[in-house]
Amino acid sequence: MCGIVGYVGPRSAQDVVIEGLRRLEYRGYDSAGIAVESQGELSARKKSGKLANLVVELDEHPIPASTHGIGHTRWATHGGPTDANAHPHLSQNGRVALVHNGIIENFAELRAELEAEGVEFTSETDTEVAAQLLGREVESGAGLVESLRAVSRRLEGAFTLVAIDTAEPESVVAARRNSPLVVGLGEGENFLASDVAAFIEHTREALELGQDQVVEITPDTVTVTDFDGGEAETRPYHVDWDLSAAEKDGFDWFMRKEIFEQPKAVADTLLGRWGSKGELVLDEIRISPETLRRIDKIVIVACGTAFYAGMVAKYAIEHWTRIPCEVEIASEFRYRDPIIDPMTLVVTISQSGETADTLMAIRHAREQHAKVIAICNTNGATIPRESDAVIYTHAGPEIGVASTKGFLTQVVACYLLGLYLAQVRGMKYGDEIKALMDELDTMPAKIQKVLDERQRVLDLAAEFAKVPSVLFLGRHVGYPVALEGALKLKELAYIHAEGFAAGELKHGPIALIDQELPVFVVVPPQGRDQLHDKVVSNIQEIRARGARTIVLAEEGDTDVEPYADVLIPLPRVSTLLQPLVATVPLQLFACELATQKGHDVDQPRNLAKSVTVE
Ligand code: F6R
């Protein structure tokens with residue numbers, strides 16, 4: 001959601017900024033813009049639609065060469081995605097250009113104040129208020145950094161602001177509160193961006209900023225202070241993936257590439273977790289075993305696909321630890337006054353580590369003195385930084401908007417957490433935990449097998465290209481898999497899709513079933529699971545009403561064969577681990593169907609990768 005790039009150094013600012021914005025396209029946006037400073041004047045170009053429109057605009061109406069500039073991809077909140085509302089916004093006096101990610105909640109009163117002073121606004125955005133305020137501050141004689149601090153102190157809400165000033169051609173400044181911003185540390189050049197993908201081809205050294213900080217970059221310096229000008233704490237880090245991870249590598253879509261990266265992503269997330277003393281080790285858990293032994297409730301909080309990973313986690317964690325575990329959508333969590341206290345362990349799951357709803361849930365939980373563990377894929381993101389502990393998933397950058405390897409690795413991290421809690425609390429013997437870890441170690445090869453046998457699922461996509469609606473059913477951990485299958489189809493193929501707990505079907509949704517409706521059913525492993533037969537009965541109920549059944553079942557499951565119009569075999573795994581193989585065909589199906597419908601799979605309409613506003 002919104003991408004920001006700032007650059008100062010020896011190169012062409014236009015080239016660096018446009019390339020940076022291209023690498024941030026995956027975040028989701030509907031207009032783009034750039035501003036540079038040259039010879040004491042600002043030049044800006046802004047276009048609604050894709051970045052390509054901005055590039056055409058720059059060809060037709062070039063801006064002067066400059067080594068100092070800012071750029072932005074905007075996901076519209078206040079005001080439609082028009083050229084005028086696109087960022088950067090310039091102050092009326094022409095002194096500053098500014099881009100913004102977030103929402104300025106008190107913008108209406110600030111706008112009224114500025115209008116009363118005679119400022120004429122040229123857009124409907126909340127952002128322009130910050131640009132005009134900054135223009136007024138620099139005009140009064142304060143330096144750019146000091147002016148940005150003064151503006152930041154007046155703003156309420158969530159914001160990353162990045163600005164340039166014609167009077168200070170060697171600096172780009174930024175302020176951050178509740179929205180993402182990282183600094184890229186180059187040699188004789190420095191970068192500001194929403195995430196490291198924007199500058200990874202120039203440097204892998206980065207600086208993580210904290211809340212309420214202001215940063216000034218020049219070609220040779222990076223200075224960070226708090227909003228009052230006091231010292232600020234930052235954390236330098238090395239990005240452990242390179243440019244190739246952010247390239248499509250011969251695939252048509254990042255999403256498809258990421259689906260195929262899942263065996264490695266799962267293996268990397270499991271790597272190094274079994275210690276030399278023959279026990280599960282989670283180095284990043286900075287909460288003492290004594291504290292973990294006292295926990296009497298777990299609350300998992302997340303959004304979207306990550307929430308479904310949390311639903312899988314609930315089954316595993318309760319089964320292995322016997323600790324009551326709730327799962328809650330982050331945007332609902334804090335507004336219902338949840339019952340949490342110092343004995344509650346809150347587990348947040350977020351691929352990006354920047355999802356605003358999840359972040360706010362953490363803050364609420366910590367205010368109630370609960371301990372918070374984050375499961376996150378992004379080093380240096382806000383959510384792990386504000387948590388007591390973190391388990392990093394090692395999926396590498398996830399660029400496709402729809403989460404795939406993010407989901408599978410989140411599920412793996414949840415299993416690790418569940419087993420770790422079982423170990424610490426003495427709920428499982430060491431050899432039981434080892435047996436489960438050994439089975440987890442077999443999962444990358446099993447996921448690979450599902451990928452190798454993908455043809456049947458890809459063929460299905462061609463058959464179903466025109467269906468208006470699809471149902472997904474599952475029970476136990478198959479239920480969140482069904483929900484995830486439906487979500488993938490909605491967001492990529494724009495087809496109405498619903499996921500249901502198969503046992504709920506008779507309580508209403510069965511009325512939806514008619515001839516030709518495709519129904520995907522995730523069947524629990526045969527023989528070892530009491531729910532297997534119940535799901536087989538559910539399939540017969542659907543078939544009896546004429547629907548087409550696409551059944552995902554363990555290979556060799558003969559019970560289910562007679563009732564499956566299409567049978568997708570899954571490798572043999574224990575029930576709790578089945579989501580790691582059962583989700584993959586559903587990801588492939590959605591990706592393929594969307595491709596056949598001619599949709600942009602990596603950037604589906606209206607969606608943003610990282611949802612940084614509540
Ligand atoms: C769906 C999807 C979203 C995210 C959700 C949370 O494919 O990707 O539903 O899972 O926005 O994002 P993170 O995990 O970054 O907090």
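What about the packing of aromatic side chains?
Logical step 1: For the structure shown, the criterion picks out nine aromatic pairs.
Logical step 2: Over the face of the ring belonging to Y494 we find R605, whose NZ or CZ atom lies 3.9 Å from the ring centre.

Focus on the site of the ligand
Logical step 1: Near the ligand, the surroundings consist of 15 residues, among which S350, Q351, S352, T355 and E491 are the closest.
Logical step 2: T305 places a main-chain nitrogen or oxygen 3.1 Å from an oxygen atom of the ligand.
Logical step 3: Protein contacts shield 90% of the accessible area of the ligand, which totals 410 Å² for the unbound molecule.
Logical step 4: Those elements that place two or more of their residues in the shell around the ligand are α9 (304–321) and α16 (478–493).
Logical step 5: Considered class by class, the residues forming the shell around the ligand number five nonpolar, eight polar and two charged.
Logical step 6: Two domains each donate at least three residues to the shell around the ligand, and these are domain 2 (254–450) and domain 3 (455–596).

Overview of the pairing of strand β24 (residues 566–570)
Logical step 1: Covered by surrounding structure in β24 are V566, I568 and L570 only, the residues L567 and P569 on the alternate face being uncovered.
Logical step 2: Sheet analysis places strand β23 (residues 548–554) next to β24, joined by five bridges and oriented parallel. Residue E554 lies in a different strand from β24, and its bridge partner there is L570.

A few points about the packing of helix α14 (residues 430–452) against helix α18 (residues 579–596)
Logical step 1: Their axes nearest at 9 Å, the elements α14 and α18 cross at an angle of 25°. On the basis of their axis angle, the class for α14 and α18 is roughly parallel. In terms of crossing hand, the pair formed by α14 and α18 is right-handed. Contacts between α14 and α18 involve L440, M443, K446, I447, V450 and L451 from the first element and L580, V581, V584, P585 and L588 from the second.
Logical step 2: When grouped by side-chain class, the residues that make up the contact of α14 with α18 number 10 nonpolar, no polar and one charged.

So, the state of the cysteines
Logical step 1: In this structure the tally under the stated criterion is zero disulfides.
Logical step 2: No disulfide involves C2; its sulfur sits 17 Å from that of C303, the nearest cysteine.
Logical step 3: With no disulfide partner, C303 has as its closest neighbouring cysteine sulfur the one in C376, 13 Å distant.
Logical step 4: A residue is classified by how much of its surface remains accessible, and C303, at 23% relative accessible area, is partly exposed.

Observations regarding the domain arrangement of the chain
Logical step 1: Domain assignment breaks the chain into domain 1 (3–244), domain 2 (254–450) and domain 3 (455–596).
Logical step 2: Using C-alpha coordinates to define each centre, domain 1 is positioned 34 Å away from domain 2.
Logical step 3: Contacts between the two partners involve 12 residues from domain 1, matched on the other side by 13 residues from domain 2.
Logical step 4: Counting the surface lost from both domain 1 and domain 2, the interface buries some 1100 Å², and carbon and sulfur atoms represent 51% of this.
Logical step 5: Sorting the residues of domain 1 by area buried against domain 2 places Y26, N178 and E208 first, and these three jointly supply 42% of that buried surface.
Logical step 6: Our count for the contact surface shared by domain 1 and domain 2 stands at one salt bridge.

Observations concerning the sheet that holds strand β15 (residues 297–302)
Logical step 1: Taken together, five strands build an open sheet; the order of strands is β16-β15-β17-β18-β19 and the sheet is parallel. Since the sheet does not close on itself, it has two edges, and those belong to β16 (325–329) and β19 (389–392), each with one partner. Strand-to-strand twist in this sheet, taken as the mean axis angle between neighbours without regard to direction, amounts to 20°.
Logical step 2: Both strand β17 (residues 344–350) and strand β18 (residues 371–376) contribute to a ladder of six bridges, which runs parallel. Bridging from a neighbouring strand, S350 pairs with C376 of β18.
Logical step 3: Helix α13 (residues 405–424) rests against β15, β17, β18 and β19 of the sheet, and its axis sits at about 160° to β17.

Let's talk about the sheet that holds β24
Logical step 1: Across the sheet, five strands lie side by side as β21-β20-β22-β23-β24; this open sheet has parallel pairing. The open sheet has two edge strands with one neighbour each: β21 (496–501) and β24. Geometrically, the sheet is characterised by an average inter-axis angle of 15° between neighbouring strands, direction not taken into account.
Logical step 2: Packed onto the sheet, helix α15 (residues 455–463) meets β22 (518–522), β23 and β24 and runs at close to 150° relative to β24.
Logical step 3: The strands touched by helix α17 (residues 531–544) are β20 (469–474), β22 and β23; relative to β22, the strand with the most contacts, the crossing angle is about 175°.

Digging into the side chain of E258
Logical step 1: In this fold, E258 is placed in helix α6 (residues 254–260).
Logical step 2: Of the side chains with opposite charge, K405 comes closest to the buried, unpaired E258, at an N-O distance of 4.9 Å.
Logical step 3: A polar contact of 3.2 Å, which involves the side chain of E258, links it to the backbone nitrogen of G400.
Logical step 4: With near-sequence residues (within four places) excluded, E258 lies in contact with P397, E398, I399, G400, T404 and K405.

Some words on the pattern of salt bridges
Logical step 1: The final tally for this structure, using the stated rule, is 40 salt bridges.
Logical step 2: A salt bridge links R154 to E113, with the nearest nitrogen and oxygen atoms 2.8 Å apart. Of this pair, R154 sits in helix α5 (residues 144–154) while E113 sits in helix α3 (residues 107–116), and the two are 41 residues apart along the sequence.
Logical step 3: Close ionic contact of K264 with D268 constitutes a salt bridge, the shortest N to O distance being 2.6 Å.

Focus on the pairing of β17
Logical step 1: In terms of residue burial, β17 counts as a mostly covered element, since seven of its seven residues are buried.
Logical step 2: Residues T344, V346, T348 and S350 line one face of β17 and the alternating positions L345, V347 and I349 line the opposite face, and both faces are buried.
Logical step 3: Regarding topology, helix α11 (residues 356–367) serves as the crossover connection from β17 to the parallel β18, and that connection is right-handed.

Considering the packing of helix α4 (residues 127–139) against α5
Logical step 1: Orientation of α4 relative to α5, taken along the N-to-C sense of each, is 135°, at an axis distance of 9 Å. Considering their axes alone, α4 and α5 lie oblique with respect to each other. Handedness of the α4/α5 crossing: right-handed. Contacts from A130, L133, L134, R136, E137 and V138 of α4 reach α5 at L144, S147, L148, A150, V151 and R154.
Logical step 2: Tallied by class, the residues present in the contact of α4 with α5 amount to eight nonpolar, one polar and three charged.

Here's the deal with unusual backbone geometry
Logical step 1: For the bond from H87 to P88, the omega torsion is 5°, close enough to zero to count as cis.
Logical step 2: Residue D337 is not a glycine yet carries a positive backbone phi of 55°.
Logical step 3: Counting through the fold element by element, D337 comes out in the loop between α10 (330–333) and β17.
Logical step 4: For D337, a relative accessible area of 61% corresponds to the exposed category.

What counts and how
- Residues numbered from 1 in each chain as written.
- Predicted model: local features only at pLDDT ≥ 70, side-chain atom pairs only at ≥ 80, totals over all residues.
- Heavy atoms only, no water.
- Phe/Tyr/Trp six-rings, centres within 6.5 Å; stacked < 30°, edge-to-face > 60°.
- Lys NZ or Arg CZ within 6 Å of the ring centre and 35° of its normal.
- Near = heavy atom within 4 Å.
- Polar contact = N/O pair within 3.5 Å; in protein donor to acceptor, adjacent residues only side chain to side chain.
- Areas by Shrake-Rupley, 256 points an atom, 1.4 Å probe, with all protein chains shown as cover.
- Helix = DSSP H or I, 4+ residues; strand = E, 2+ residues; numbered from the N terminus.
- Nonpolar A, V, L, I, M, F, W, Y, C, P; charged D, E, K, R; others polar.
- Domains from an automatic or database assignment.
- Buried < 20%, exposed > 50% of the residue type's maximum accessible area, 1.4 Å probe, protein only.
- Pairing = 2+ DSSP bridges.
- Axes fitted to C-alpha atoms, helices over the stretch in contact; angles between N-to-C directions.
- Parallel < 35°, antiparallel > 145°, perpendicular 65-115°, else oblique.
- Left-handed = near helix turned anticlockwise from the far one by under 90°.
- Contact = heavy atoms within 4.5 Å.
- Disulfide = S-S within 2.5 Å.
- Buried area = accessible area lost by both parts, 1.4 Å probe.
- Salt bridge = Lys/Arg side-chain N within 4 Å of Asp/Glu carboxyl O.
- Lys, Arg positive; Asp, Glu negative; His and termini not counted.
- Right-handed = clockwise from strand over helix to strand, strands pointing away.

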